[in-house]
Amino acid sequence: MNYDQEFKRLQEGGNYWKPKVGQFKVKALSELEDTEPYIKKREGQADEVNPQSKVKISVNGEEKLWTFGKGATLASTYGQLVDLAMKRNGKLIDTEFTVAVKNDGKKNDYTIVI
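Heads up: these notes are all about the structure in this document. (Residues numbered from 1 in each chain as written. Predicted model: local features only at pLDDT ≥ 70, side-chain atom pairs only at ≥ 80, totals over all residues. Heavy atoms only, no water.)

Quick look at the pairing of strand 5 (residues 96-103)
Remember that side chains alternate between the two faces of the sheet whenever the strand is regular.
Piece 1. Across six bridges, the pairing between strand 1 (residues 22-28) and strand 5 is antiparallel. Note that in strand 5 the partner of Gly22 across the bridge is Val101.
Piece 2. In this sheet, strand 6 (residues 108-113) lies alongside strand 5 in antiparallel orientation, the contact comprising six bridges. Residue pairing in the sheet places Lys102 in a bridge with Asp109 of strand 6. (Pairing = 2+ DSSP bridges. Helix = DSSP H or I, 4+ residues; strand = E, 2+ residues; numbered from the N terminus.)

Structural data, given as structure tokens:
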């Protein structure tokens, strides 16, 4: 076991951003990075492995880690952040943006606006 890596993961554990419905002013403190995949256990079937990304952010004066699925379209959270970085000469760090969160009763929908 890599204890340094595991220690870092555990330190970040309580610092994840899980936004509720509303609008939030956010500042990117890092670039997008790949992170551990989300593994959905399915009884009697193979586990479903979904790639994820993360970005360190500042929201309401607090540093948080935001993780989300590595989407396949520009409409996904991941795609919107990649698009935002491309509009800023390939950089996301220090970019300020608004995240609008809606919920349809089943899942959150994120819209990113400069």
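Back to the text.
Re helix 2 (residues 77-87)
Piece 1. For helix 2, the full list of buried residues reads Thr77, Tyr78, Gly79, Gln80, Leu81, Leu84 and Ala85.
Piece 2. Looking at the buried residues of helix 2, the elements they touch are strand 3 (48-59), strand 4 (62-69), strand 5 and strand 6.
Piece 3. The positive-phi residue at the C-terminal boundary of helix 2 is Asn89, with phi of around 60 degrees. (Buried < 20%, exposed > 50% of the residue type's maximum accessible area, 1.4 Å probe, protein only. Contact = heavy atoms within 4.5 Å.)

Considering the pattern of salt bridges
Piece 1. Throughout the structure, instances matching the rule amount to four salt bridges.
Piece 2. The residue Lys87 makes a salt bridge to Asp83 at a minimum N-O spacing of 3.2 Å. On the criterion of helical spacing, the pair formed by Lys87 and Asp83 is a turn pair, its members being four residues apart in helix 2.
Piece 3. Overall, the relative accessible area of 60% leaves Lys87 in the exposed class. (Salt bridge = Lys/Arg side-chain N within 4 Å of Asp/Glu carboxyl O.)

None of this, on its own, says anything about what the molecule does.
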